[in-house]
Amino acid sequence: MAEYFCRMSKSRKSLCSGGAARKDPRTLSAVNTRRPGMIPQKTENYEMHRRGEACYLTFPQLDRYQELRHLFTTRCGGFSEGPCATWNLGFGLGNDPDTPENRARNIGVLAECMGICPENLVFTWQTHTTNIRNVTEEDRGCGATRERTYQDVDGLVTDCRGVALVTLHADCNPIYFYDPRRHVIGLAHSGWRGTLDGIGSRMVDKMQSDYGCNPGDLICGIGPSLCRNCFEVDADVAELFAGRYGDFSEFSRYDGGRNKYYIDLWELIRRQLTSAGVRRENVACMELCTKENTDVFFSHRGQGGKRGLMAACMMLTPPEQEEV
Ligand SMILES: [Zn+2]
């Protein structure tokens, strides 16, 4: 495909005006530190969009629903520098060293792309659990404009309109869930531990038990994360999966030369969702590998552990905002 995106214009003027103003890192990064991202703008699995400098992706399978707004951010279009350059949405701690000022501005860009105020965003508190929170109106702003009132939450589910769920990723699988019949949405952070423990199927169960969803109605999506060649593990981790999943050999391979195992987490998630009742044709996958595209995505493995975090975000629009 000839068309590429996620390119930052060198001629664009800095947003920070004034004589001694800081240079805009969004422009700096394009000129000095990274070549432009090189993934096609559109395939059958995703579409790249741009708002100002910010580039984000959507699933065509979810785009067709008017009441739904969703996206996955790239690293292009924010204000952070260094390994977090430029659109880091992490909390600026540990592996994503960043300042509160940068984060606030980057959250502003996310909210803008969703067409809402930051006060409507609700973030997870990710610790590789399978805990899923039923998000209500009272959670508005948690992790965005105020402290979170909960901990150890790797999945979010809601039927509230105008409340935007957010999970954070840099290699770990984002899973989107949408029930167009019952009007319920969910997002899961499914890293390898969460995938091992089956947070995806737990979300389906929860949507069924708490919101009356029929798994056969659900549309799911797997966002950018490690591909089957890039999730490389040693025997100890492979044994955990093999012990839990009888069909392990069908979604993994062993490379004797390197003495490493390669696990296809996209396929495992597909299998988890379908065994929970989701129709296989209703599980979309962007088929984008974060580690192989570090110009476009943050990647824990691709950046040696120091990286920013990208956001999966999804919202049911308030009735008055639905496009006709
Ligand atoms: Zn890969």
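- The name that an unreviewed UniProt entry assigns to the protein is Purine nucleoside phosphorylase, with the source organism given as Hornefia butyriciproducens.
- The UniProt entry for the protein carries this comment under Function (unreviewed entry): "Purine nucleoside enzyme that catalyzes the phosphorolysis of adenosine and inosine nucleosides, yielding D-ribose 1-phosphate and the respective free bases, adenine and hypoxanthine. Also catalyzes the phosphorolysis of S-methyl-5'-thioadenosine into adenine and S-methyl-5-thio-alpha-D-ribose 1-phosphate. Also has adenosine deaminase activity."
- Taken directly from UniProt, the Sequence similarities (unreviewed entry) text for the protein runs: "Belongs to the purine nucleoside phosphorylase YfiH/LACC1 family."

## Regarding the overall build of the protein
- Helix and strand counts for the protein come out as seven helices and 15 strands.
- Counting over 324 residues, the protein shows a buried share of 50%.
- Restricting the contact set of the protein to residue pairs at least 6 apart, pairs at least 24 apart contribute 66%.

## Here's the deal with the sheet that holds strand S15 (residues 310-316)
- Read across the sheet, six strands follow the order S1-S2-S3-S15-S7-S4 without closing on themselves; strand pairing throughout is mixed. Strands with a single pairing partner mark the edges of an open sheet, and in this sheet they are strand S1 (47-51) and strand S4 (121-123). Taken over all neighbouring pairs, the strand axes of this sheet differ in orientation by 30° on average, direction set aside.
- Direction of pairing for strand S2 (residues 54-58) relative to strand S3 (residues 68-73): antiparallel, over a ladder of two bridges. In the strand pairing of S3, Tyr56 is matched with Thr73.

## Regarding the packing of helix H5 (residues 199-211) against helix H7 (residues 265-275)
- Between H5 and H7, whose axes approach to 8 Å, the crossing angle comes to 25°. If you check the angle between H5 and H7, you find them roughly parallel. Handedness of the H5/H7 crossing: right-handed. Contact with H5, carried on its side by Gly200, Ser201 and Val204, involves Ile269, Gln272, Leu273 and Ser275 of H7 and no other residues of that element.

## Overview of H5
- The first and last C-alpha atoms of H5 sit 17 Å apart over 13 residues, in line with the 18 Å expected at 1.5 Å per residue.
- Regarding H5, the residues found buried are Ile199, Gly200, Ser201, Arg202, Met203, Val204, Lys206 and Met207.
- Each element contacted by the buried residues of H5 is listed here: strand S5 (132-134), strand S6 (155-158), strand S8 (173-179), strand S9 (184-190), helix H4 (192-196) and H7.
- Phi turns positive, to about 70°, at Gly212, one or two residues after H5.

## Overview of the nonpolar core
- In terms of nonpolar packing, the biggest core is built from 84 residues, with Val122, Ala164, Leu165, Tyr176, Cys220 and Cys313 touching the most fellow members.
- No other element matches S15, which puts seven residues into this core.
- Excluding residues that lie within four positions of it along the chain, Val122 makes contacts with Val135, Asp139, Arg140, Cys142, Gly143, Leu156, Val163, Ala164, Leu165 and Val166.

## Looking at the pairing of S8
- Burial analysis of S8 places seven of its seven residues in the buried class, which makes it a mostly covered element.
- Residues of S8 alternate between two faces, with Asn173, Ile175, Phe177 and Asp179 on one and Pro174, Tyr176 and Tyr178 on the opposite face, all of them buried.
- Strand direction decides the pairing type here: S8 and S9, joined by seven bridges, are antiparallel. Within S9, the position partnered with Tyr178 by the bridge is Ile185.
- Turn length for the S8-S9 hairpin, with the two strands adjacent in sequence and antiparallel, is four residues, and the turn residue His183 shows positive phi of about 60°.

## With respect to the sheet that holds strand S11 (residues 232-233)
- With antiparallel pairing, the three strands of this open sheet are ordered in space as S11-S13-S12. Each of the sheet's edge strands pairs with one partner strand only, and the pair in question is S11 and strand S12 (252-255).
- Pairing of S11 with strand S13 (residues 260-263), which is carried by two bridges, proceeds in the antiparallel orientation. Bridging from a neighbouring strand, Val233 pairs with Tyr261 of S13.
- Of the strands in this sheet, S11, S12 and S13 are in contact with helix H6 (residues 235-244), which crosses S13 at around 45°.

## Section: the environment of Gly90
- Tracing the sequence through the fold places Gly90 in the loop between S3 and helix H3 (100-114).
- Along the chain, Gly90 and Met310 lie 220 residues apart, while their C-alpha atoms are 7.3 Å from each other.
- Here Gly90 is in contact with Asp96, Asp98, Leu168, Gly308 and Leu309, once residues within four sequence places are set aside.

So, how was this worked out
Each chain carries its own residue numbering, running from 1 in the direction its sequence is written. Totals for whole chains, interfaces and linings use all residues, but because this is a predicted model, local features are given only for residues with pLDDT of at least 70 and pairs of side-chain atoms are given and counted only at 80 or more. UniProt positions are given in the numbering used here, feature names are shortened, and annotations may be inferred rather than shown by experiment. Counting from the N terminus, the helices are DSSP H or I runs at least four residues long and the strands are E runs at least two residues long. Counting other C-beta atoms within 10 Å of its own, a residue is labelled buried from 20 upward, exposed at 12 or fewer, and partly exposed in the gap between, with every C-beta atom placed from the backbone. Residues are defined as contacting one another if the C-beta atoms placed from their backbone atoms lie within 7 Å. Any two strands are treated as partners once DSSP identifies two or more bridges connecting them. Orientation is described by axes fitted as lines to C-alpha atoms, over the contacting stretch for helices, and by angles from 0 to 180 degrees between their N-to-C directions. For classification purposes, angles smaller than 35 degrees are called roughly parallel, those larger than 145 roughly antiparallel, those between 65 and 115 roughly perpendicular, and all remaining angles oblique. Less than a right angle of anticlockwise turn of the near helix away from the far helix marks a crossing as left-handed, whereas a clockwise turn marks it as right-handed. In this analysis, the expected span of each helix is defined as 1.5 Å times one less than the number of residues it contains. In plain words, the nonpolar core is the set of buried Ala, Val, Leu, Ile, Met, Phe, Trp, Tyr and Cys residues that C-beta atoms within 7 Å link up.

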